Amino acid sequence: MATRANRGRLLIDRYDFSLDTFAATWTTTVEPLESANWQSTTMQYQPDAVDASLTMTGYYTGYDAGDIYREIYARRNTDTTAYVAWLLDTSALGQPVYLLQTGWASSITVDTPVQSLLRFDATFDGVPYGGYTLLDGQRTATGNGTVVTLPATGTSGGRAFLLVRAITGAATNAEVHIECDTVVGMTTPTDIGTITFSAVGAYPLAIAGTVEPYVRIVVDDLGGATNFTAALILCVNGVTM
Amino acid sequence: MPRTNALQNVSVSYNGTSLQSHLNTSSWNAVTEVIETTTFASSAMEQAAGAASFSIEVGGDWSKTLDDILRPDTISPPDTLRTLVFYLGPVSSRVTYTWTGSTTVGAFISNYTVSADNPMNKITWSGTLTISGAPVVS
């Protein structure tokens, strides 16, 4: 069954630009390295390392701080790299996400047609990650999140990314952690990592060891805030990437 | 001679999982390297056949199911190449090409693109399966 394109979400660091974006393309390229030998009867190849990019098309909405064009332009030619994520289907949790860590805008093209809206294309390059959404929205209280099922158990860790895009009130050391279990009921969950934050922004978390196939986020502490809005993306080596 | 519809008569299996229900286009390429053998004695350009190479271009509607199959290998290419099976034709007159995965024979995804061009339409995908070594034809 086809997936509708209008369920996507584009996150760049603390910003959600979904309402100003209408197209995106994720590309991974692996160069085939020729590896034929004197006994080869046909060409042989081995894969090189992956090269990834995310190209998006957005509407020009102005040049104030927080406007899509301004924020992307600010991430061009800078040492302050960005986290850029495409959540492909926000209709439910546990859906695929493609994320670039240390992303930077390698090109921006502004189209100025006479009889159309002002819009622009931007391409981000960076280190690719693939994962699932464990959270995408507002949390107003502590407690367990929805259990998400991974395709398999991971044995070599991974990485999580918390992209906090809004906080109502002031948060001081708000805390979430991720836990996993072998059963969907999460009867004996294992804590695989904690993220603490006090402001909007992107927070990566390195995860080591085994990641069992049932996972969820747990909000431990709002840090005094009324609520926060964020996306948590879990990437597991050998399972989701 | 009978003609053959593409529907239900083309399939690609990657790493043991059929991609048939995720494909609406495929292009199988068998290319032979050209070795130039022209000399001063030649009256025209001369070539000899070199090594063969294979690849398959694939694409279709994107889904989580499809992405779960391909995503890990697109981000972390495998050290051991993947088993690939490609067939053409109905059961009664089918040709099947099989590359059994090893360190020298098999396939990997050398290009994977997920695209949402129109917010009122669907997400699509396309990819290139680069193949190493010779197939077993049956």
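Look up: the structure comes first, before these words.
Residues numbered from 1 in each chain as written. Chains lettered and ligands numbered in written order. Predicted model: local features only at pLDDT ≥ 70, side-chain atom pairs only at ≥ 80, totals over all residues.

Colleague: Before we move on, could you go through the overall build of chain B and cite the residues and values that matter?
Modeller: Each helix and strand counted, chain B has one helix and nine strands in total. Beginning at the N terminus, the succession of helices and strands in chain B can be written as β-β-β-β-α-β-β-β-β-β. Whereas a compact globule of 138 residues would reach a radius of gyration of roughly 14 Å, chain B reaches 18 Å, over 25% beyond that. Dimensions of chain B, computed from C-alpha atoms along their principal axes, come out at roughly 65 × 40 × 35 Å. Scored against the burial criterion, the 138 residues of chain B give a buried share of 33%. In chain B, the share of contacts with a sequence separation of at least 24, taken over all contacts with a separation of at least 6, comes to 59%. (Helix = DSSP H or I, 4+ residues; strand = E, 2+ residues; numbered from the N terminus. Rg over C-alpha atoms; globule rule 2.2 N^0.38 Å. Buried ≥ 20, exposed ≤ 12 C-beta atoms within 10 Å, placed from the backbone. Contact = placed C-beta atoms within 7 Å.)

Colleague: Before we move on, could you go through the overall build of chain A and cite the residues and values that matter?
Modeller: A count of helices and strands for chain A gives one helix and 15 strands. Compactness check: chain A gives a C-alpha radius of gyration of 20 Å against a globular reference of 18 Å for 241 residues, within 12% of the reference. Across its three principal axes, chain A shows a C-alpha extent of roughly 60 × 60 × 40 Å. Counting across all 241 residues of chain A, residues that qualify as buried make up 41%. For chain A, the share of sequence-separated contacts (at least 6 apart) that also reach a separation of at least 24 residues comes to 73%.

Colleague: For the interface of chain A and chain B, give the residues involved together with the corresponding values.
Modeller: Listed by partner, the interface residues are 37 residues for chain A and 36 residues for chain B. Of all the secondary-structure elements, those providing two or more residues to the side of chain A that touches chain B are strand E3 (21–34), strand E4 (45–59) and strand E7 (119–139) of chain A. For the side of chain A that touches chain B, the leading source of residues is E3 of chain A, giving ten residues. In the sheet, E3 of chain A pairs with strand E7 (residues 106–116) of chain B via six bridges, with the strands oriented antiparallel. Bridge pairing in E7 of chain B places Thr25 of chain A opposite Ser115 of chain B. (Pairing = 2+ DSSP bridges.)

Colleague: Residue-level account of the environment of Ser102 of chain B, with values.
Modeller: Residues and elements named next belong to chain B. Locating Ser102 in the fold gives a position in the loop between strand E6 (95–99) and E7. Considered as a pair, Ser102 and Asp79 are 23 residues apart in the sequence and their alpha carbons are 8.9 Å apart. Apart from the residues lying within four places of it in its own chain, the contact partners of Ser102 are Thr80 and Leu81.

Colleague: Explain the sheet that holds E6 of chain B to me, using residue names and the numbers behind them.
Modeller: Residues and elements named next belong to chain B. Here five strands make up an open sheet; going across it, the order is E2-E1-E5-E6-E9 and the pairing antiparallel. Each edge of the open sheet carries a strand with a single partner, namely strand E2 (17–18) and strand E9 (136–137). Pairing geometry for strand E1 (residues 10–14) and strand E5 (residues 84–88), over five bridges, is antiparallel. Residue pairing in the sheet places Val12 in a bridge with Phe86 of E5.

Colleague: Talk me through the pairing of strand E1 (residues 9–12) of chain A; I want residue IDs and the actual numbers.
Modeller: Regular strands have side chains that alternate between both faces of the sheet. Residue and element names in this part refer to chain A. Bridge analysis of E1 against strand E5 (residues 82–87) gives four bridges, and the strand direction is antiparallel. By the bridge assignment for E5, Ile12 is matched with Val84. Relative to strand E2 (residues 15–16), E1 runs antiparallel, the two sharing two bridges. The residue bridging Leu11 from the neighbouring strand is Asp16, located in E2. Linking E1 back to E2 in an antiparallel pair, the connection comprises two residues, with Asp13 at a positive phi of about 55°.

Colleague: How would you summarise the pairing of E7 of chain B if you had to cite specific residues and measurements?
Modeller: All names here are of chain B. Counting buried positions over the eleven residues of E7 gives eight, a clear majority of the element. Taken together, the nine bridges between E7 and strand E8 (residues 124–132) define a ladder with antiparallel strand orientation. Paired with Tyr112 across the bridge in E8 is Gly127.

Colleague: Tell me about the environment of Asn5 of chain B, residues and numbers included.
Modeller: Residue and element names in this part refer to chain B. Within the secondary structure, Asn5 is located in the segment before E1. In this structure Asn5 comes out as exposed when scored by C-beta crowding, with 8 C-beta atoms within 10 Å. For the pair formed by Asn5 and Gly89, sequence separation is 84 residues and the distance between their alpha carbons is 8.1 Å.

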